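Residues per chain are reported as follows:
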Amino acid sequence: MSTLAVHDHGVESHDHDHEHHHHDTFLTKYVFSQDHKMIAKQFLITGITMAFIAMTLSILFRIQLAYPDKTFPLLHTLLGRFAPEGRIDPNFYMSLVTIHGTIMVFFVLTAGLSGTFSNLLIPLQLGARDMASPFLNMLSYWAFFLASVIMLSSFFVQKGPASGGWTIYPPLSALPKAMPGSGEGMTLWLISMVLFVASSLMGGINYVSTVLNMRTKGMDLWKMPLTIWAFFLTAILGVLSFPVLVAGVVLLIFDRSFGTSFYLSEIVVQGQVMPFEGGSPILFEHLFWFLGHPEVYIVIMPALGISSEIISTNSRKPIFGYHAMVYSLIGISVLSFIVWGHHMFVTGMNPFLGGVFMITTLIIAVPSAVKTFNYLATLWRGNIRFTPAMLFAIGLVSFFISGGLTGLFLGNAALDINLHDTYFVVAHFHLVMGSAAIFGMLAGVYHWFPKMFGRLMDEKLGYLHFWLTFIGAYLVFFPMHFMGLDGVPRRYYAFTEFPSMARWLSVNVFITWAAIMSGVAQIAFLFNFVYSIFWGKKTTQNPWGSNTLEWTAPVEHLHGNWPGEIPTVYRWPYDYSKPGHHEDFIPQTVPYSETMSSNLSHDFEDNEAGLEAFKKWQIANPPREEVK
Amino acid sequence: MAFKNIFRFKTLSAAAAMLLFGTATAMAQTAPAAPAAADGDSAMWIGVGYYVLLFVLVAIIVGIVGKILRVYDLTSQIQGKKPINWNNIMGILFIVFLIAGLYGAYWEFTVQGTMTLPEAASKHGVDIDNMFMVTFGITVIVFVLTQICLFGFAFIYRGSDKRKAYFYPHNNTIEKIWTVIPAIVLTVLVITGFFTWKTITNSNDVKGDMPAMNIDITGHQFAWEIRYPGKDGKLGAKDYKLTTATNKIGVDFKDQASFDDLVADTIVLPVNRPVRLNIIAQDVIHSVYMPHFRVQINAVPGLPTYFKFTPTITTMDMRSRLDDGKFEYLLYCNKICGGAHYNMQKIVRVVTESEYEAWLAHQKPYLNDALKKELKMVDANQPQAPAQNRLALNN
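So, how was this worked out
- Residues numbered from 1 in each chain as written.
- Chains lettered and ligands numbered in written order.
- Predicted model: local features only at pLDDT ≥ 70, side-chain atom pairs only at ≥ 80, totals over all residues.
- Helix = DSSP H or I, 4+ residues; strand = E, 2+ residues; numbered from the N terminus.
- Buried ≥ 20, exposed ≤ 12 C-beta atoms within 10 Å, placed from the backbone.
- Contact = placed C-beta atoms within 7 Å.
- Rg over C-alpha atoms; globule rule 2.2 N^0.38 Å.
- Domains from an automatic or database assignment.
- Expected span 1.5 Å × (residues − 1).
- Arc of directions from axis to C-beta.
- Nonpolar A, V, L, I, M, F, W, Y, C, P; charged D, E, K, R; others polar.
- Core = buried A, V, L, I, M, F, W, Y, C linked by C-beta atoms within 7 Å.
- Axes fitted to C-alpha atoms, helices over the stretch in contact; angles between N-to-C directions.
- Parallel < 35°, antiparallel > 145°, perpendicular 65-115°, else oblique.
- Left-handed = near helix turned anticlockwise from the far one by under 90°.
- Pairing = 2+ DSSP bridges.

The next thing to look at is the overall build of chain B. Secondary structure summary: chain B contains nine helices and eleven strands in total. Per-residue burial over chain B gives 30% buried out of 395 residues. Sequence separation of at least 24 residues holds for 65% of the intrachain contacts in chain B that already meet a minimum separation of 6.

The following block contains the structure:
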């Protein structure tokens with residue numbers, strides 16, 4: 001598996017161009033930066049801002065759901081025509097739901113998560129000076145920023161933002177007459193998403209080429225940390241699936257603005273017969289979910305990668321089944337392309353196709369289960385250190401289990417008939433990809449904050465933040481399962497029109513207050529984050545006793561990451577608590593020749609010379625009774 | 001950090017305080033001066049101020065508790081005692097969370113679990129419910145075991161300086177076991193699910209069963225139109241281009257079968273007779289959702305869909321079973337379709353065969369007088385030539 005004598009891998013010599021120091025101005029350092037660490041911070045801060053905005057939107061519609069009959073003058077003051085007389089307008093309610101979903105899925109959990117941590121960690125954990133193309137990287141951020149601005153600007157157009165749900169199924173999204181949000185708001189949504197996908201592609205191509213080409217000496221693929229594996233596979237998923245969304249979106253733009261009928265057929269809006277013929281809304285659903293399903297793995301895989309790293313580091317134990325973890329990530333990536341139809345069981349798609357998608361969908365549960373069991377095995381007999389990052393990583397595993405199991409219901413076409421588009425679905429994906437992924441992101445922020453800002457975040461506030469958010473998220477989403485089992489549909493403005501749903505109103509009040517509590521808890525995080533950037537405790541170089549390469553780089557940020565030569569890698573990243581070694585971690589940069597007492601013959605699987613040397617050493621140093 | 005000089009924490013907090021109290025006093029000043037119309041406004045701002053103050057208070061309390069803990073920690077360290085072991089506290093909190101969480105889940109299952117849908121009122125619905133219970137049993141077992149392991153391990157193996165973790169990078173046997181077992185369980189679920197799904201979606205009439213009766217349901221923003229076949233048992237053809245204010249769903253009267261079609265306000269179904277709902281959407285995607293019958297399929301413009309099912313429990317029967325005199329089966333929209341999506345419902349009533357016949361006899365024909373006039377039909381039995389028909393529609 002590893003080597004004593006390191007093979008000469010393709011290592012580029014990029015040592016010469018970081019020698020001369022360019023003097024950064026404010027503009028080149030903070031704004032148009034090409035340094036991957038700064039771009040990561042830009043992604044993170046934009047992502048956090050968007051997350052707070054989307055969270056506020058969710059609280060607004062939760063208030064409507066809890067108190068459908070009450071008026072809140074404040075809402076009228078804040079939202080004006082969108083909340084006449086202090087009650088949210090039904091069309092604006094749809095906008096809130098739509099933009100909340102769009103921002104959370106794309107802007108926070110895709111760009112905010114992958115953008116931040118892929119940018120930060122790929123070069124640092126692989127031992128590269130920067131990304132393969134720093135300029136493309138900068139463009140990626142600025143396209144994302146522009147997309148965010150355009151998406152938010154749709155709140156300021158006359159008829160309000162897009163409101164056809166984050167899935168923007170035509171004809172609803174294609175016919176401006178069908179609802180106010182399908183006017184300019186939808187146009188802005190589409191423009192924003194095209195820019196977003198451009199950003200995502202530039203990022204993705206960069207990540208893939210960096211991982212493949214710019215690893216340091218000794219860093220073969222099987223020595224990469226699981227974070228990098230996850231980012232790498234995520235980037236591949238994104239590169240392959242996002243263009244399909246653009247294709248779908250462009251055809252929708254054609255239908256909206258140029259009179260084509262890709263998705264439209266036999267339509268009569270408000271009594272008026274429309275000229276569209278021959279299109280199919282199902283085509284859009286296929287194109288959308290061809291991205292849409294890999295997208296949920298684009299969201300969750302980086303979170304899983306991050307939590308693998310954090311759980312292993314803080315259990316002071318190697319991740320259990322490293323190879324199985326990688327293979328299950330690969331399995332999830334491949335399978336994620338052939339399961340999109342499970343979003344469409346009841347759309348009128350050929351039922352036989354539904355049956356096939358159901359089989360592939362339930363197969364994808366196997367690698368997910370393997371990952372969960374491996375996390376549990378990693379915790380088993382560990383020496384667990386509860387940093388806030390670790391708490392969030394454990395929370396992620398809990399959410400991943402709870403939300404993943406309900407996937408077995410929804411992935412089953414027969415059961416999906418009655419559960420489709422109910423609150424059961426809302427509960428399912430908010431746990432498995434919403435809460436789990438955001439916990440992965442928060443875990444990453446707490447864990448790599450010292451790497452990003454050179455200071456530590458406050459632990460106690462982190463604990464408070466974790467417990468309020470963790471309990472809050474369960475209180476919000478667990479009861480929703482039962483609403484779904486009672487046949488309560490999602491995206492309903494009010495339950496008042498149905499006596500059978502009115503009895504869920506008290507549950508809605510409870511959920512809303514739980515949501516407000518977890519929302520307020522995020523202020524603890526925001527305060528901690530901002531405060532620690534400027535006044536946090538200064539960090540040491542390797543605050544968590546971690547093995548990976550980023551902790552061998554100096555705390556002060558350099559353009560080029562390491563002064564002098566890039567470190568060479570000799571071992572896998574998970575040698576924690578290896579018996580025979582005096583410390584409970586051995587960084588990847590320590591060669592086997594320096595750790596003779598802790599080497600195992602397993603370490604020399606592909607290395608004849610090394611194994612021979614090890615055997616000789618073993619004979620010379622017969623094993624003693626292990627000293628505890 | 002270049003920003004550091006800009007944001008001095010103390011100045012920042014002072015500014016925030018100024019802002020807060022400044023607006024508060026400003027409110028207080030303007031309130032009495034403003035005319036009566038502003039009374040609501042000031043009340044609102046007082047309410048807002050109240051919540052902001054509440055939040056500030058909570059934040060201060062959190063800060064004070066934090067400081068007290070710190071002082072306590074430091075003084076006990078000075079006295080030579082051990083510092084607070086936060087690691088232990090977190091481990092204990094996890095086990096507390098596990099117990100409370102399991103109890104909470106149990107409470108939810110027993111309290112809210114009983115608020116869910118009543119037993120399936122259709123033939124295939126029973127299969128779905130059985131499938132659901134099997135899946136539920138499996139997932140609950142896995143849920144409880146894995147959560148116990150997760151939080152249990154977090155508690156038991158909470159760190160201490162005295163020990164070292166157990167170096168255990170992999171074990172192929174264990175990994176194979178926990179790959180194969182889920183694979184087997186999932187295969188069972190997939191196969192049973194696949195066959196259940198196949199039987200439900202099978203559109204052919206089962207031999208020996210009554211042929212399914214056809215009912216048309218057309219969705220538009222924001223209502224459903226229902227059309228029953230008349231005596232001939234056949235629904236007439238449709239063409240969306242013929243839609244007008246009176247011919248709401250564009251029935252084509254060139255087809256003789258359409259003459260005796262009926263419109264209805266409620267969906268009334270005879271019990272134990274297979275029904276085929278033909279589902280059409282006019283403007284945007286809707287979804288026909290009848291949760292009590294475990295029926296759902298989208299209504300898609302340009303793509304007629306259908307769902308075949310057999311209701312098995314009459315409304316009256318269900319009322320007595322649920323002990324709820326007002327119970328009604330419902331059909332409602334379950335795909336986002338616009339502003340009034342939340343109120344697009346129809347009552348569905350399942351009755352005995354004789355009640356059904358009696359009800360059907362009272363339904364109005366689709367081809368009503370207004371429509372006849374519009375189509376310039378001299379006599380309902382003699383439709384005009386198609387060319388004239390079209391001409392009339394173009395008016």
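Read on, since the account is not over.
Moving on: the overall build of chain A. A tally of helices and strands in chain A yields 18 helices and four strands. Against the 2.2 N^0.38 benchmark of 25 Å for 628 residues, chain A shows a C-alpha radius of gyration of 26 Å, consistent with a compact globule. In chain A, which comprises 628 residues, the proportion classed as buried is 61%. Contacts in chain A between residues far apart in sequence, at least 24 positions, make up 79% of those at least 6 positions apart.

Time to look at the domain arrangement of chain A. All names here are of chain A. Partitioning chain A into structural domains gives domain 1 (31-538) and domain 2 (549-620). Averaged C-alpha coordinates put domain 1 and domain 2 at centres separated by 37 Å. On the side of domain 2, 22 residues touch domain 1, which itself brings 23 residues to the contact. Top contributing element to the side of domain 1 that touches domain 2 by residue count: helix α4 (residues 90-126), with four residues.

What follows deals with helix α10 (residues 351-363) of chain A. Residue and element names in this part refer to chain A. The end-to-end C-alpha distance of α10, which contains 13 residues, comes to 19 Å, matching closely the 18 Å that a straight helix rising 1.5 Å per residue would cover. By the burial criterion, the buried members of α10 are Gly 354, Gly 355, Phe 357, Met 358, Thr 361 and Leu 362. Burial along α10 is one-sided: seen end-on, the buried residues are contained in an arc of 170°.

Here we come to the interface of chain A and chain B. If you look at the interface, chain A gives 103 residues, while chain B gives 93 residues. Residue composition of the side of chain A that touches chain B, grouped by class: 66 nonpolar, 24 polar and 13 charged.

One finds Phe392(A), Ala393(A), Leu396(A), Ala436(A), Ala437(A), Ala443(A) and Val288(B) to be the most contacted residues of the largest nonpolar core, which totals 270 residues. The element contributing the most residues to this core is α4(A), with 21 residues. Two domains each provide a minimum of three residues to this core, namely domain 1 (31-538) and domain 2 (549-620) of chain A. Core analysis: the next-biggest nonpolar cluster, separate from the first, contains six residues, Ile249(B), Phe253(B), Tyr366(B) and Leu375(B) among them.

All names here are of chain A. Their axes nearest at 9 Å, the elements helix α8 (residues 281-315) and helix α12 (residues 388-410) cross at an angle of 125°. By the angle between their axes, α8 is oblique relative to α12. Read as a crossing pair, α8 and α12 show a hand that is left-handed. Here α8 contributes Ala 303, Ser 307, Ile 310, Ile 311 and Asn 314 to the contact with α12, which in turn contributes Ala 389, Met 390, Ala 393, Leu 396 and Val 397. A per-class count over the contact of α8 with α12 returns eight nonpolar, two polar and no charged.

Residues and elements named next belong to chain B. Taking strand neighbours across the sheet as the criterion, the five strands line up as β4-β10-β9-β6-β7 in an open arrangement whose pairing is mixed. The outermost strands of the open sheet, each flanked by one partner alone, are β4 (267-270) and β7 (295-299). Neighbour-to-neighbour, the strand axes of the sheet open up by a mean angle of 20°, direction not taken into account.

The subject of this paragraph is the pairing of β7(B). All names here are of chain B. Here β7 lies mainly inside the structure; five of its five residues are buried. Sheet topology note: the strand β6 (residues 286-290)/β7 ladder contains five bridges and is antiparallel. Its bridge partner lying in β7, Ser 287 is registered against Asn 298.

Bringing unusual backbone geometry into the picture now. Of note, the amide linkage connecting Pro170(A) to Pro171(A) takes the cis form, showing an omega dihedral of 0°. Topologically, Pro171(A) is positioned in the loop between α5 (134-153) and α6 (184-213). Of note, Ser577(A) is a non-glycine position whose phi angle comes to about 50°, a positive value. One can find Ser577(A) in the loop between β4 (537-538) and α18 (608-620). With a phi close to 60°, Asn272(B) is a non-glycine residue in the positive phi region. With respect to the helices, strands and loops of the structure, Asn272(B) is situated in the loop between β4 and β5 (275-281). For Asn272(B), a count of 15 C-beta atoms within 10 Å gives the class partly exposed.

We now examine the packing of helix α15 (residues 459-485) of chain A against helix α3 (residues 86-111) of chain B. Working note: a packed helix pair is described by the angle between its axes plus the distance between those axes. Where α15(A) contacts α3(B), the axes come no closer than 12 Å and their chain directions differ by 15°. The angle between α15(A) and α3(B) falls in the class roughly parallel. Here the hand of the crossing between α15(A) and α3(B) comes out right-handed. Here Tyr463(A), Trp467(A), Tyr474(A), Phe478(A), Pro479(A) and Phe482(A) of α15(A) come into contact with α3(B), specifically with Met90(B), Leu93(B), Gly101(B) and Glu108(B). Tallied by class, residues from the contact of α15(A) with α3(B) come to eight nonpolar, one polar and one charged.

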